[in-house]
Amino acid sequence: MSQLKVYNTLTRKKEVFKPINPPHVGMYVCGPTVYSDVHIGNCRTIVSFDVIYRYLQHLGYSVRYVRNITDVGHLENDSDEGEDKIAKKAKLENVEPMEVVQRYTNGFHEVVEMLNTLKPSIEPTATGHMLEQIEYVQAIIRSGYAYESNGSVYFDVEKYSEKYNYGDVSGRKIEDLKNNTRDLKGQGEKKCPLDFVIWKRADPKHTMQWNSPWGKGFPGWHLECSVMSTKYLGDEFDIHGGGMDLKFPHHECELAQNTAYSGQSQSVKYWLHSNMLTLNGEKMSKSTGQFFLPKQIFEGTTELLEKAYSPMVVRFAMMQCHYRSTMDLSNDALFAAEKGLARLKKGLESIDILKDGDQSFLDVNLIEASLESAMNDDFNTPVLVANLFDAVKQINSSVQNEKPITQEDRQKLKGLFDVYVTQIMGIQLIESSKSSDDSKTIENDLIQLAVDLRNQAKKGKDWETSDLIRNELTKLGIQLKDSKDGTKWSK
Ligand code: AMP
Ligand code: ZN
């Protein structure tokens, strides 16, 4: 059996995965900042680590998977200055910050569930760990790597660099960072522009603030992940994951904090980073307005896609890209994934109609080895999918040429689909292709039929019928919007 190899951002190479304390594995992944609806890009990162979580469990590891919810301290533009993203939204909508947090946490849970991701073992929040964060800051001050300045506490990057290497995660050089740093507002409080805030003083107007030894304030965004990861996984743990965009400054600062706190520079054994979901080659992002909400895709309510695609099709499209490669979301990619999924399902069904025999024409062990080696090669799902398609080709050819299979191999082959498609890739084949996709298409066609009938009635000035159809559709949660280009409907 081949061994699992993972690409470690820290060493920039693939390494054999050896957990610190087998069979236990500790994995921490940065979760969302819950100030708005998650877009499908955010979901890709969650799905990537869901597959990693599933595969580690498949290998027999007992995994403690911690994924946080950021509910305070993440400031605009990911910087040390500016408004807190959640407080800003709360002000805008005139609601409590915790109302914003609850609403978008619920929304996040709903979509990642639709994408069939497993729940983490622990989902801690930053506001739920205020005491631990204050104590952590105190410990870093005691170890000499942080200083208080005007009610805020900063991490002393230059001091840290005398003993450790700031830049290990992102591969950046401290000298380059210094040369590239522009003067920032508030920098007067810092000894060096590279220093980052770990506890920030809150002015009286700031809605989210807590008492601390340095006055009223709130924790820095990087601090919460250091505190919550080490609290639940220990000062040294196996895997830290997140999107590539978090390597710097977020993960760089996290590593520095961990090291300053415990004196242990190997706090994380493997740093894993998943790549971005793009739209027309650009990173999907709320700030540029270039994004899709998952539900827009599932319900087919975006003009950029020709039709609706089910969560399983979207998830399968994600499997067809390696987690470390960018993935461009397009109608073509989703359409191809839909067809691929149907092919896979047909292949699974065809196993049942293979002819019985004393010998197998298919080498099931070879197929198994190809699936396993794909996943062991840094969770290479696109190769896994290609190998599954290859198996389907062999199954179809055996059916066509009436080649036999033994009962034992038949069961084993079906088992491989269950393990690699359902359990590891998290793709529910049965539900996805026939029942849910087909019934969705029929449902959409029926709605369109009702809309057409209403428009016909309107044309014939049969207002009673047209109003009746519209009202009945509204009751079913379907809204109609008339424009000069025709009638559009949405759920
Ligand atoms: P945020 O809410 O911005 O803190 O991001 C939450 C998570 O989503 C982080 O792990 C990011 O790396 C990830 N993320 C943000 N944008 C994208 C994208 N376009 N593609 C993939 N992951 C993303
Ligand atoms: Zn984080």
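Quick caveat: nothing in here was measured; it's all calculated off a predicted structure.

The protein atoms donating to the zinc ion (ligand 2) are Cys30 (SG), Cys225 (SG) and His250 (NE2), with metal-donor distances spanning 2.0 to 2.2 Å. Motif for the zinc ion (ligand 2), donor spacing along one chain: C-x194-C-x24-H. Residue Cys30 is found in the loop between β3 (24-29) and α1 (40-58), and its partner His250 is found in helix α8 (residues 247-262); the two are separated by 220 residues along the sequence. The pair formed by Cys30 and His250 is uniform in burial state, with each residue classed as buried.

To continue, consider the site of ligand 1. Of all residues adjacent to ligand 1, which total 17 residues, the nearest are Gly41, Thr45, Asp245, Leu277 and Met284. Take Gly243: an N or O atom from its main chain is 3.4 Å from an oxygen atom of ligand 1. Leu277 places a polar main-chain atom, nitrogen or oxygen, 2.8 Å from a nitrogen atom of ligand 1. Calculation on ligand 1 without its partners gives an accessible area of 490 Å², and the protein chains cover 91% of this total. Because more than half of its atoms lie within 2 Å of the grid, ligand 1 is assigned to the largest pocket. Among the elements that line the shell around ligand 1, the one with the most residues is α1, at 3 residues.

Here the domain parsing of the protein yields domain 1 (7-274), domain 2 (278-424) and domain 3 (434-490). Of note, the centres of domain 1 and domain 2, computed from C-alpha atoms alone, are 33 Å apart. Listed as interface residues are 31 residues of domain 1 and, on the opposing side, 37 residues of domain 2. Overall, the association of domain 1 and domain 2 removes approximately 2800 Å² of surface from exposure, summing both partners, and the carbon and sulfur fraction of that is 65%. Interface area lost by domain 1 to domain 2 is led by Ile40, Arg44 and Tyr55, which between them contribute 26%. Linking domain 1 with domain 2 are 4 salt bridges. For Asp245, the salt bridge is made with Lys283, and the minimal N-O distance between the two is 3.0 Å. Inspection of the domain 1/domain 2 interface yields 14 residue pairs in polar contact (both at pLDDT 80 or more).

Definitions and cut-offs
- Residues numbered from 1 in each chain as written.
- Chains lettered and ligands numbered in written order.
- Predicted model: local features only at pLDDT ≥ 70, side-chain atom pairs only at ≥ 80, totals over all residues.
- Heavy atoms only, no water.
- Donors = N, O, S within 2.8 Å, 3.2 Å for Na, K, Ca; no water.
- Helix = DSSP H or I, 4+ residues; strand = E, 2+ residues; numbered from the N terminus.
- Buried < 20%, exposed > 50% of the residue type's maximum accessible area, 1.4 Å probe, protein only.
- Near = heavy atom within 4 Å.
- Polar contact = N/O pair within 3.5 Å; in protein donor to acceptor, adjacent residues only side chain to side chain.
- Areas by Shrake-Rupley, 256 points an atom, 1.4 Å probe, with all protein chains shown as cover.
- 1 Å grid on protein atoms, 1.4 Å probe; cavity = no way out; pocket = protein on both sides within 12 Å on 5 of 7 lines; lining within 4 Å.
- Sits in = over half its atoms within 2 Å of the grid points.
- Domains from an automatic or database assignment.
- Contact = heavy atoms within 4.5 Å.
- Buried area = accessible area lost by both parts, 1.4 Å probe.
- Salt bridge = Lys/Arg side-chain N within 4 Å of Asp/Glu carboxyl O.

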